[in-house]
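Observations on the model geometry
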Amino acid sequence: MTQTLEPETAVTADDPHARMLAWLRRFEEALTTRDIDRAVAEFHTDSYWRDLVSFTWNIRTVEGHEPIRDMLSARLDDTAPTGFTTVEPATAEGDVVSAFIEFDTSVGRGKGHVRISPDADGVDRGWTLLTTLRELTGHEEHQGELRDLGAVHGQSTDTRSWAERKADEDRQLGRTVQPYVLIVGGGQAGIALGARMRQLGVPTIVVDRHQRPGDQWRSRYKSLCLHDPVWYDHLPYLPFPDNWPVFAPKDKIADWLEFYTQVMEVPYWGSTTCTSATYDERTERWTVEVDRNGERLTITPTHLVLATGMSGKAHVPTLPGQDVFTGEQHHSSAHPGPDGYVGKRVVVIGSNNSAHDICKALVDNGIDTTMVQRSSTHIVRSESLMDLGLGDLYSERAVASGVTTEKADLIFASLPYRIMHEFQKPIYDAIRERDKEFYQRLEAAGFDLDFGDDDSGLFMKYLRRGSGYYIDVGASDLIADGTIALAHGQVERLTENSVILADGTELPADVVVYATGYGSMNGWAADLIGQEVADTVGKVWGLGSATTKDPGPWEGEQRNMWKPTAQPNLWFHGGNLHQSRHYSLYLALQLKARHVGIPTPVYGMQQVHHLS
């Protein structure tokens, strides 16, 4: 139900919906009359406006009066926002009133979320505002009432069937017809963006070195399952069916990605490796050399998207003795599973998600396994995370209460990163209390636990550094009871048949698994384009929180993700399935606008403070 801002709306003065309508009316009047001072005054001094493309052609959060003033001074005239409405009645929690909103801009339609609360004088002011661009006027996706007819009724000069037209397109794209966008990486991120570009009518190719969509998942260790629940993981347009497992096994995800690519008609080139890429500033186009199953091709897209995954470039430490070790050694990304290691001694270096999964599968098969914990790890039980951490937004309980995926995504996105940790701390305080005995058993076994630098838990660790945690699905109990042996410290060297730690501890080993994480996505830019471009763009991922592995200064958004970078026409897209779904829309709209010639002046380009 959409509520307009007409003054005759019949609500009482103490009704939260009346309060929200009154604030929206004042805010819109200030914007439409271009009274920036009045618009700024509608916010608390400590307030946050997060914009996903609709005002800034960027992903940007402005914090407080002066940054809001600066943004509006630069962008209000061009954006020309109007028509602010509530989508459904506002709700109140304490003195904070929240609502989903819709609005129009000069080029499109937007949705968002707003929270207001009274100031010291009892006047409602904006606390958090989320504005997002959802579609471009005149360039809407062909869905709903706009969906393609499919069949040809009556006479037509084109007698080809749908399949014939698609086959002709596939033969031409990348040869006689160049794509506007080339997406390097065909995992969930690249495929989701490819589907968005397809629906927006932007010529795009997704390339991946694997033969089939989903092979990235098929090639991982056989026990791998998603640790995020199904409600959190839907892809655009095509949600998982209602009988899909809560935690999908890797091979089901692989098959789904292949099915999704076919059904959504994503132009996907498997068995394709990009060997080089250069950017011509004069023509504003890329020249990308690819090897497609032995065929050498030159692709000249306008935009290059690296969707190679934030967990895609394996980090393998260089250690003395690796050349003399007589056993097998490999990174966790290449771990085949336990079948070939019965009777052998395995040392797994690392103590995050992959390390725990691998260790559990090994000991479940009776294999002598030692985990080497080099630094503290955050652990949260899956059941507790689902109930207390995600249950209100992404669960069957949330679905039953009317929280759709779109609503959940908007609520999730509406919390500015500056204050998100304050919302996360109480969740993890409750988890620690609920699972007190569980944590006591782990600590008694010598496991080094943490809850993040500020006790804000898993999701903030993920956003800040993308590592340092394990969602427990059984391995922690095996550590607590000693089934998985535990050692501590940095690795000093390898011998012919052992791993030596810095304190002199010797761990006999026939197999060493480096569960040592992944490098920055920018490492792919360095490999493909060159170190100079990688350094021009700078660090990818992190918020600038000045916490462990996330150096300041404060950025307020994920560095270089889903938005323009310092290298023209180079974009980064990745993250978990949730982020691949949600942020692919905003990246797709930025690319579509450029494709059709809509001016896209970027406000608040991210500064580069750290090299790749």
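My aim in this report is to walk through the structure given alongside it, one point at a time. These numbers were taken from a predicted model, which means no experiment stands behind them.

Observations regarding the overall build of the protein
Across its full length, the protein carries 18 helices and 25 strands. The C-alpha extent of the protein, read off along each of the three principal axes, is 80 × 65 × 45 Å. Taking all 612 residues of the protein together, the buried fraction comes to 55%. Considering only contacts within the protein whose residues lie at least 6 apart along the sequence, 66% involve residues at least 24 apart. Counting only carbon and sulfur atoms, one obtains 48% of the accessible surface of the protein, whose full area is about 25,300 Å². Across the protein, the centroid of the 58 positively charged side chains sits 3 Å from that of the 86 negatively charged ones.

Some words on unusual backbone geometry
Residue glycine 552 is joined to proline 553 through a cis peptide bond whose omega torsion reads 5°. Backbone geometry places arginine 34, a non-glycine residue, at a positive phi of 60°. Tracing the chain through its elements places arginine 34 in the loop between helix H1 (16–32) and helix H2 (36–41). For asparagine 293, which is not glycine, the phi torsion reads 50° and is therefore positive. Positionally, asparagine 293 belongs in the loop between strand E12 (285–292) and strand E13 (295–299).

Focus on the environment of serine 498
Inspection of the secondary structure puts serine 498 in strand E22 (residues 498–501). Residue serine 498 is classed as buried on the basis of its relative accessible area, which comes to 1%. Residue contacts for serine 498: discarding those within four places in its chain leaves Phe325, Arg493, Glu506, Leu507, Pro508 and Ala509. A polar contact is formed between the side chain of serine 498 and the side chain of threonine 495, at a distance of 2.5 Å. Of note is the side chain of serine 498, whose polar atom sits 2.9 Å from the side chain of glutamate 506.

The rules behind each value
- Residues numbered from 1 in each chain as written.
- Predicted model: local features only at pLDDT ≥ 70, side-chain atom pairs only at ≥ 80, totals over all residues.
- Heavy atoms only, no water.
- Helix = DSSP H or I, 4+ residues; strand = E, 2+ residues; numbered from the N terminus.
- Buried < 20%, exposed > 50% of the residue type's maximum accessible area, 1.4 Å probe, protein only.
- Contact = heavy atoms within 4.5 Å.
- Areas by Shrake-Rupley, 256 points an atom, 1.4 Å probe, with all protein chains shown as cover.
- Lys, Arg positive; Asp, Glu negative; His and termini not counted.
- Charge placed at Lys NZ, Arg CZ, Asp CG, Glu CD.
- Polar contact = N/O pair within 3.5 Å; in protein donor to acceptor, adjacent residues only side chain to side chain.

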